[in-house]
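# Residue-level structural notes
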Amino acid sequence: MFKVLGAGKRTYHNPQTVVQNIDRKMLWGVNTLFINMPIRATSLPNCLPLGCALLAARLQTYGADPHILDLNAYRVNGGHIPLVEAEKLILGRIQADGEPSVVALSGIITTLRWQMDIARLVRSILPDVFIVSGNGLATEMGEVLFDWIPELDAVARAEGDYSIVKVAHDASAIKKLGWDTASERGLLDPYYYGMVSGRHRYFYDGGRPQDLDDVPAPAYELLDDVVETYLKNPIWGNGTDNRSAGDVKMTRSINTVSSRGCPFDCSFCFRDTTGNRRYSVRSAESMLKEFCHYHKKYGVDFVGLLDDNFM
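Residue numbers here run from 1 along each chain, matching the order of that chain's written sequence. Local features in this predicted model are restricted to residues of pLDDT 70 or higher, and side-chain atom pairs are both shown and tallied only at a pLDDT of 80 or more, whereas totals for entire chains, interfaces and linings draw on every residue. With hydrogens and water stripped out, all remaining heavy atoms of the structure feed into the side-chain values.

As a further point, take empty space enclosed by the protein. Grid points spaced at 1 Å and placed over the protein atoms alone form the basis of the search, with a cavity being a set where a 1.4 Å probe fits but cannot get out and a pocket an open set showing protein on both sides within 12 Å along at least five of seven lines. Lining residues have an atom within 4 Å of a point. Grid points are joined across faces, edges and corners, and a volume is the space filled by probe spheres set on the points. Tallying each qualifying case throughout the model produces 1 cavity of 30 Å³ or more. Approximately 40 Å³ is the volume found for the largest cavity. Taken together, Asn31, Leu33, His67, Arg93, Ile94, Asp97, Gly98 and Pro100 form the lining of the largest cavity. Elements are defined by DSSP. Helices are runs of H or I of four residues or more, strands are runs of E of two residues or more, and each kind is numbered from the N terminus. Of all the secondary structure elements, the ones that give two or more residues to the lining of the largest cavity are strand E1 (31–36) and helix H3 (83–97). Note on residue categories: nonpolar means Ala, Val, Leu, Ile, Met, Phe, Trp, Tyr, Cys or Pro, charged means Asp, Glu, Lys or Arg, and polar means any other residue, Gly included. Tallied by class, residues from the lining of the largest cavity come to 3 nonpolar, 3 polar and 2 charged.

See the structure below:
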């Protein structure tokens, strides 16, 4: 049924190809909660969680029901919110939006401790929920997270535009049919990793959409509870702790990207999260349409392009 090859020996499966034949009925209404981890406690939150918003938008195109809880938006006495306050936010979101089938943890490598604590907390609240870690930490560390964060059901590497669809599908299949039936029907192929420490684990490959212009606009509307916090904090220039040169003036700013990957091979840079050396760009028309939308909806006067290749 499954050929578990082990760490470093897995066969790559392009998620865009994998999801072409999935049963979309398994995705309809699937409640997915993205939790974005806190970063840079000493800096004001000024960069909306683009990754979570893009994956949520992709799920919406499949009829799923995504939600985003951004723990990074909160500061208490100049630092991150304490874990007890994060627990209150999670419980409040579950009460407001319903019990999720998937909880997706997002964060860069410095968020390991937060992900360990939040995974443990979520598992205590929702014993049967499907928990997956994605973004920078998951991409760089991979399977080792199953040892470091034993509450995880899955790790998702690199660009998750389509692997998030398979994550939601698999979690829904397990919830509706049970693991044995779902696996016997082959619904969990091909990302089943094996039994690790008494728990079924999954390792999802990432993959670049064929055309970045076809990627749905980030679902920033799911962040309406915190979006004003980000818009009012300058994203660029002096005083933002991002080492940008010059005193760029702005009153309301927002972030997006114009490309993914980078053709260069700098030794200090880890860019696997956005496609490594495979470089793709969006069209000027696509960018202009997005800029105009942000100006009309949010009244922004500055858009920060946070491309990893520094353009």
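Structurally, Thr256 can be placed in strand E8 (residues 253–256). Burial status follows relative accessibility: with a 1.4 Å probe on protein chains alone, a residue under 20% of its type maximum counts as buried, one over 50% as exposed, and anything between as partly exposed. When its relative accessible area of 2% is taken as the criterion, Thr256 is described as buried. Apart from the residues lying within four places of it in its own chain, the contact partners of Thr256 are Leu50, Arg282, Met287, Glu290, Phe291, Tyr294, Val303, Gly304, Leu305 and Leu306. Any two residues whose heavy atoms approach within 4.5 Å at even a single point are treated as in contact.

Any carboxyl oxygen of Asp or Glu within 4 Å of a side-chain nitrogen of Lys or Arg constitutes a salt bridge here. For the coordinates displayed, the defined rule picks out 13 salt bridges. Ionic pairing is found between Glu228 and Arg252, a salt bridge with its closest N-O pair at 2.8 Å. With Glu228 in helix H9 (residues 227–232) and Arg252 in the loop between H9 and E8, this residue pair connects regions lying 24 residues apart in the sequence. Taking the shortest distance from any N to any O, the salt bridge between Arg277 and Asp265 comes out at 3.9 Å. Of this pair, Arg277 sits in the loop between strand E9 (259–260) and strand E10 (280–281) while Asp265 is found in the loop between E9 and E10, placing the two residues 12 residues apart along the sequence. Under the relative-accessibility criterion, Asp265 is labelled exposed at 53%. Each member of the salt-bridge network shares a partner with another, and the members are Glu159, Asp161, Arg208 and Arg260.

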